[in-house]
Amino acid sequence: MIKILTIETTCDETAAAVITDSLEVLGSVVASQDKLHQKFGGVVPEIASRAHLENIVPVIDETISRAKIQLADLNAIAVATTPGLAGSLLVGLSAAKTLCVALKKPLIAVNHLQAHIYACKIAFREDPFPCVGLIISGGHSNLYCCATPLDFTPLGGTIDDAAGEAFDKVAAMLGLPYPGGPSIQKAAEKGNPKAYKFPRSLLEEPERLAFSFSGLKTAVRYRLVGQGKTTNPATIAAELSEQEIADIAASFQEAVVDCLVGKSIQALRTTGMRTLCVGGGVAANSCFRRKMENAAQKEPIRLFIAPAALCTDNAVMGAIALERFHAGLFETLDLDVSPGLVR
Ligand code: KG4
Ligand code: ZN
């Protein structure tokens, strides 16, 4: 039985997992830094890398102990090297290289975005490839044609903010805590999604597989402070009733979700593919999941959205490294991180 240790430190979660070649998860640990970044309303890169440094060894130790194996039992070490925050990525890569040298094991590089899609294969224990992949996270909103787990072709992406970034920024405007996605989802539960007609950019252009959320973000800002004013939106939001906040949150969430669902369907129609795999933190959103499932039934298409815990950053999705292991795609010790570059 092949066993791989996967390490994930691309942003603000320090995570590790041990996965077998039959896709069994022997151990998985995620140490979240949400509380450290909350008072800043977003991830502070310097704080993130320092926290990874503190967490990485205990997280790996705990993962190995939960997996009930010895480090020497591992067949390879895999680590996410792109994309992400440079300082965060370097902590994971240094840990992985150290283990490879000490244990004399091969090193495997993981593309974090591709791993988000692969999470669906682990969750459903079914092969979703070939498929259209939708990645909706804090830093990315991308559509891919995924021929195989090792062959992803970009179809399009956001031209400004990522979906998760829009959730985080609008939450900050509404005075809701970071991370914004879960806060907005919670506030929206009691809100009317039709209270405000916020824009759904590019939805009327089916041939353009792209997202744009900056107009929507500005529309929320105008609703709060009015056009051309410099007042801090959170100051205005603090004076609104809970119901008014809930209505804005629900209307904003519905607009983002309509764009994500609409563009996914357009991508499936354009490519002629019949399967959609969704990954990334925003895929945990309950409104998105409901509306995407309805749209998938109408089409009809096969839809894979991993459970929420496998949508947000984790190391289990690093199981995509097994595909590279079987293909003999190993790295040398001069492997570097690629913060912005998706290989
Ligand atoms: O994939 P992820 O954990 O980290 C990145 O690779 O960026 O995604 C984090 C993003 C954050 O912007 C967060 O607000 C968003 O995912 N998110 C959600 C929900 N849970 C997390 N957005 C909407 N609804 C949620 N329930
Ligand atoms: Zn991610």
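All figures in this text were calculated on a predicted structure; none of them were measured in a lab.

Rules behind the numbers
- Throughout, residues of each chain are indexed from 1 in the direction in which the sequence is written.
- Each chain is given a letter, starting from A, and each ligand a number, starting from 1, according to the order in which they appear as written.
- Selection of residues for local features in this predicted model requires a pLDDT of at least 70, selection of side-chain atom pairs for listing and counting requires 80 or more, and totals for whole chains, interfaces and linings are taken over all residues.
- For side-chain calculations, the full set of non-hydrogen atoms in the structure is used, while hydrogens and water are omitted.
- Following DSSP output, two strands are said to pair if at least two bridges run between them.
- Here a strand is any run of E in DSSP of at least two residues, a helix any run of H or I of at least four, and the numbering for each starts at the N terminus.
- Interaxial angles span 0 to 180 degrees and are taken between N-to-C directions of axes, which are lines fitted to C-alpha atoms, for helices over the stretch in contact.
- Proximity criterion: a residue is near a molecule or strand once any of its heavy atoms comes within 4 Å of it.
- Throughout this description, a polar contact denotes any pair of N or O atoms lying within 3.5 Å of each other; where both atoms belong to protein, one of them has to be capable of donating a hydrogen while the other can accept it, and for residues adjacent in sequence the pair is counted only when both atoms sit in side chains.
- Residue-level accessible areas treat just the shown protein chains as cover; the underlying method is Shrake-Rupley with a 1.4 Å probe.
- In this document the domain limits rely on a domain assignment from an automatic tool or a database.
- For this analysis, a salt bridge means a side-chain nitrogen from Lys or Arg found within 4 Å of a carboxyl oxygen belonging to Asp or Glu.
- Burial classification: accessible surface area is computed with a 1.4 Å probe over protein chains only, and a residue below 20% of its type maximum counts as buried, one above 50% as exposed, and the rest as partly exposed.
- We define a nonpolar core as any set of buried Ala, Val, Leu, Ile, Met, Phe, Trp, Tyr and Cys residues linked to one another through side-chain atoms lying within 4.5 Å.
- By the convention used here, residues are in contact when the closest approach between their heavy atoms is within 4.5 Å.
- The quantity reported as buried area is the accessible area (1.4 Å probe) lost by two parts once they are put together, taken as the sum for both.
- In this count, Pro and Cys sit with the nonpolar residues alongside Ala, Val, Leu, Ile, Met, Phe, Trp and Tyr, while Asp, Glu, Lys and Arg are called charged and the others, Gly among them, polar.
- The handedness criterion is simple: a crossing whose near helix is rotated anticlockwise from the far helix by less than a right angle is left-handed, and one whose near helix is rotated clockwise is right-handed.
- Whether two aromatic rings pair depends on their centres lying within 6.5 Å, for rings of Phe, Tyr and Trp, where Trp uses its six-membered ring; planes under 30 degrees apart make the pair stacked, over 60 edge-to-face, and the rest tilted.

S.K.: Summarise the sheet that holds strand 10 (residues 302-305); cite the residues concerned and give the values.
M.R.: Strands sit in the order 8-7-6-9-10 across an open sheet of five strands; the sheet is mixed. Of all the strands in the sheet, just strand 8 (151-157) and strand 10 have a single pairing partner and so form its edges. Averaged over all pairs of adjacent strands, the angle between strand axes in this sheet comes to 20°, irrespective of strand direction.

S.K.: Mind laying out the site of ligand 1, listing which residues take part and the relevant values?
M.R.: Residues in close proximity to ligand 1 total 21 residues, the closest being G138, D168, G181, Q185 and D313. Interatomic distance of 3.1 Å between a backbone N/O atom of G164 and an oxygen atom of ligand 1. Here D168 contributes a side-chain N or O atom positioned 2.7 Å from an oxygen atom of ligand 1. Computed on the free molecule, ligand 1 has an accessible area of 560 Å², of which 90% lies beneath the protein chains in the complex. Of all the secondary-structure elements, those providing two or more residues to the shell around ligand 1 are helix 4 (112-124), helix 5 (163-173) and helix 6 (180-188). Here the element with the most residues in the shell around ligand 1 is helix 6; it accounts for four residues. Taken domain by domain, the shell around ligand 1 gets at least three of its residues from each of domain 1 (3-116 + 312-326) and domain 2 (126-309).

S.K.: An account of the pattern of salt bridges is requested, with residue identities and associated values reported.
M.R.: All chains considered together, the criterion is met by 14 salt bridges. A salt bridge links E126 to R302; the nearest nitrogen and oxygen atoms lie 3.0 Å apart. Here the residue E126 occupies a position in the loop between helix 4 and strand 6 (131-136), and R302 occupies one in strand 10, the gap between them amounting to 176 residues. Owing to a relative accessible area of 38%, E126 belongs among the partly exposed residues under this scheme. Here E254 ties to K194 by a salt bridge, and the two come within 3.9 Å at their closest N and O atoms. Of this pair, E254 sits in helix 9 (residues 242-271) while K194 sits in the loop between helix 6 and helix 7 (214-225), and the two are 60 residues apart along the sequence. On the basis of relative accessibility, which here comes to 9%, the residue E254 falls in the buried class. Bridged by salt links that share partners, the residues K194, R200, E254, D258 and K291 form one connected network.

S.K.: Could you give an account of the nonpolar core, with specific residues and numbers?
M.R.: I4, I136, F213, L224, F252, L260 and F288 are the most contacted members of the largest nonpolar core, which has 89 residues in total. Here I136 is in contact with S141, A163, L260, V278, G279, G280, G281, V282, A283 and F288, once residues within four sequence places are set aside.

S.K.: Describe the domain arrangement of the chain, and please don't skip the residues or the numbers.
M.R.: Taken domain by domain, the chain consists of domain 1 (3-116 + 312-326) and domain 2 (126-309). Contacts between domain 1 and domain 2 engage 16 residues on the former and 15 residues on the latter. For the domain 1 and domain 2 pair, buried surface summed over both sides reaches about 1,300 Å², with 63% attributable to carbon and sulfur atoms. If you sort the residues of domain 1 by the area they bury against domain 2, L113, H116 and T312 come out on top, with a joint share of 39%. Here domain 1 and domain 2 share zero salt bridges between them. At the boundary of domain 1 and domain 2, one finds four residue pairs in polar contact (both at pLDDT 80 or more). Broken down by secondary-structure element, the contributors of at least two residues to the side of domain 1 that touches domain 2 are helix 1 (34-38), helix 4 and helix 12 (321-326). Grouping the constituent residues of the side of domain 1 that touches domain 2 by class yields four nonpolar, eight polar and four charged.

S.K.: Could you give me a rundown of the packing of helix 6 against helix 9, with the residues and numbers involved?
M.R.: Packed helices, taken two at a time, are described by the angle between their axes plus the distance between the axes. The N-to-C vectors of helix 6 and helix 9 enclose an angle of 115°; their axes lie 7 Å apart at closest approach. For the pair helix 6 and helix 9, the sense of crossing is left-handed. Side by side, helix 6 and helix 9 meet where I184, Q185, A187 and A188 of the first sit next to A246, A249, A250, F252 and Q253 of the second. For the contact of helix 6 with helix 9, the class distribution of residues is seven nonpolar, two polar and no charged.

S.K.: Tell me what's going on with the packing of aromatic side chains, and back it up with residues and numbers.
M.R.: One pass over the structure, following the stated rule, counts eight aromatic pairs. Ring plane angle 20° and centroid distance 5.8 Å describe the contact between Y196 and F198, whose orientation is recorded as stacked. A relative accessible area of 24% means that Y196 is categorised as partly exposed. Through pairs of rings, three or more aromatic residues link up here, namely Y118, F129, Y144 and F152.

S.K.: Got a sec to walk through the pairing of strand 6? Specific residues and values, please.
M.R.: By the criterion of burial, strand 6 is predominantly enclosed, with six of the six residues buried. Of the two faces of strand 6, the one lined by C131, G133 and I135 and the one lined by V132, L134 and I136 are each fully buried. Connecting strand 6 to the next strand, strand 7 (residues 141-148), in antiparallel fashion are four residues. Pairing between strand 6 and strand 9 (residues 275-279): four bridges, direction parallel. When the bridges of strand 9 are listed, G133 appears paired with C277.

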